[in-house]
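Architecture and fold: a report
This is what each chain is made of:
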Amino acid sequence: MKKVVLAYSGGLDTSICIPLLKEHYGYDELIAVIVDVGQPEEDLKAATERGEELSDLYKLIDAKAEFVQDYIFPLIKANGNYEGYVLGTAIARPLIAKKVVEVAKGEDADAVAHGCTGKGNDQLRFDAVFRTSGLEVIAPVREMSLTREEEKLYASEHGISFESEKRWSIDENIWGRSIEGSELEDPSFFPPEEIYKWTSSVANASKEAAIMEIGFEYGVPVSLNGTEMDGISLIKKLNDVGGKHGVGRTDMIEDRVLGFKSREIYEHPAATILLEAHRDLEQLVLTRHELRFKDFVDRTWSELVYQGLVMDPLFEGLNAFVDKTQGRVNGTVHMKLEKGAARVIGRESPNALYTKDVSFDVKQEQRGAEGFSLYHGFQSSVFRKRYSD
Ligand code: ARG
């Protein structure tokens, strides 16, 4: 009896993997696992119906709380951002892979599988976590180099039908919505308004600006307008409010891990608001040396997440540094959402390094600065004198 556990999504790629793994790869038993990281309810429902019908055992795992606590919160602390992308899809993949491996171990399976093609980043993210399990890793669509047309044909031969042909490839979780493919592959193509689901256009955004305050403790958001909220509710609320104000849309060219560039559309109102607020609060409480160094740490952290290399020991090391700095990232950030923009309009913190000692209004001995100033441009003046003629 050969047993395989598949990371299932309900889409075409992963659905055809079920008969493929049985017929083509000779597995006797297939367990389909879908991990709920905040996909739309209707998608989960459709996936459940299909998964139950096609697989021998179907499992739906609610990982939303773990996703927010152990993945999104560290991302906020590290100001997660890759070339302007807030890592919505990337940050969820390692958790999905981890859950699949847990099921495989519990069920004593021989292999784990995913439905990614050989073109994107997601294959690398699943593989990197899967390979640490010691189980065999199978990626049928990639291994068989299937085209979309071949996949559709195979699906219909196996009685797997999809009502409406989806125009775009969409991946959605609580942190963001990623849209790619079809005409979007032409970087000069203007995306139609209907592509967006979470955000309104600036033209249709609420007329009245919204002012809100976000409370942070140890680098993570804990309250909205003075009311304590759990991470899931807070993110959902900000996605809703931010979306109405047209906040959190990205249309960009991105450098994929494999080297080629791709055109991507993202929606992420809560991420935009929280990352703006968090970054601003850090600016108030960390020293400039910490901030400069942390910029580099944050960028490296984001690259590792983008590449799916969260199992690398460096990732743990970076998180340890980030956590060390976040002990002081406490306070409140006041924000204004207006016509597509989320701006910080005020901030306060018990850990602020800001002092009023240097205020223009304070009468103070100023000559102490002379000595500092004398040597401040020292190397530049030596250089200018030496090379002046
Ligand atoms: N380019 C993004 C990433 O690599 C998003 C991928 C989205 N996937 C999708 N099937 N639409 O993380």
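Summary of the structure given here. In this text, all values refer to a predicted model and were calculated from it rather than measured experimentally. (Residues numbered from 1 in each chain as written. Predicted model: local features only at pLDDT ≥ 70, side-chain atom pairs only at ≥ 80, totals over all residues. Heavy atoms only, no water.)

**Here we look at the nonpolar core**
Threshold: Here, nonpolar core means buried Ala, Val, Leu, Ile, Met, Phe, Trp, Tyr and Cys residues that are tied together by side-chain atoms lying within 4.5 Å of each other. Relative accessibility decides the category of a residue: with a 1.4 Å probe and only protein chains considered, values under 20% of the type maximum give buried, values over 50% give exposed, and everything between is partly exposed. Note on conventions: DSSP H or I runs of at least 4 residues are helices, E runs of at least 2 residues are strands, and numbering of each starts at the N terminus.
Judged by nonpolar contacts, the single largest core of 80 residues is most densely connected at Trp 175 and Ile 214. Counting residues per element, this core draws most heavily on helix H4 (residues 88–106), which supplies ten residues. Counting residues in hydrophobic clusters, the runner-up holds 23 residues, among them Ile 18, Ala 47, Val 141 and Ala 155.

**Let's talk about the pairing of strand S12 (residues 261–267)**
Convention followed: Only when DSSP finds a minimum of two bridges between them are two strands counted as paired.
The element S12 is extensively covered by neighbouring structure, given that six of its seven residues are classed as buried. Relative to S12, strand S7 (residues 176–180) runs antiparallel, the two sharing three bridges. Residue pairing across strands places Arg 177 opposite Glu 267, the latter belonging to S12. Note: strand S11 (residues 249–255) against S12, seven bridges, orientation antiparallel. Within S12, the residue paired with Thr 250 across the bridge is Tyr 266. Taken together, S11 and the strand that follows it, S12, pair antiparallel across an intervening segment of five residues, in which Gly 259 is found at a positive phi of about 110 degrees.

**Concerning the sheet that holds strand S1 (residues 3–7)**
Heads up, the rule is: Helix axes use the C-alpha atoms of the stretch in contact, all axes being lines fitted to C-alpha atoms, and the angles between their N-to-C directions lie in the range 0 to 180 degrees.
Pairing is parallel across the open sheet formed by five strands, whose spatial order is S3-S2-S1-S4-S5. Where the open sheet ends on each side, the last strands, each with one partner, are strand S3 (57–62) and strand S5 (136–138). Pairwise comparison of adjacent strand axes, ignoring direction, gives a mean angle of 25 degrees for this sheet. Pairing of S1 with strand S4 (residues 111–113), which is carried by three bridges, proceeds in the parallel orientation. Bridging from a neighbouring strand, Val 4 pairs with Ala 111 of S4.

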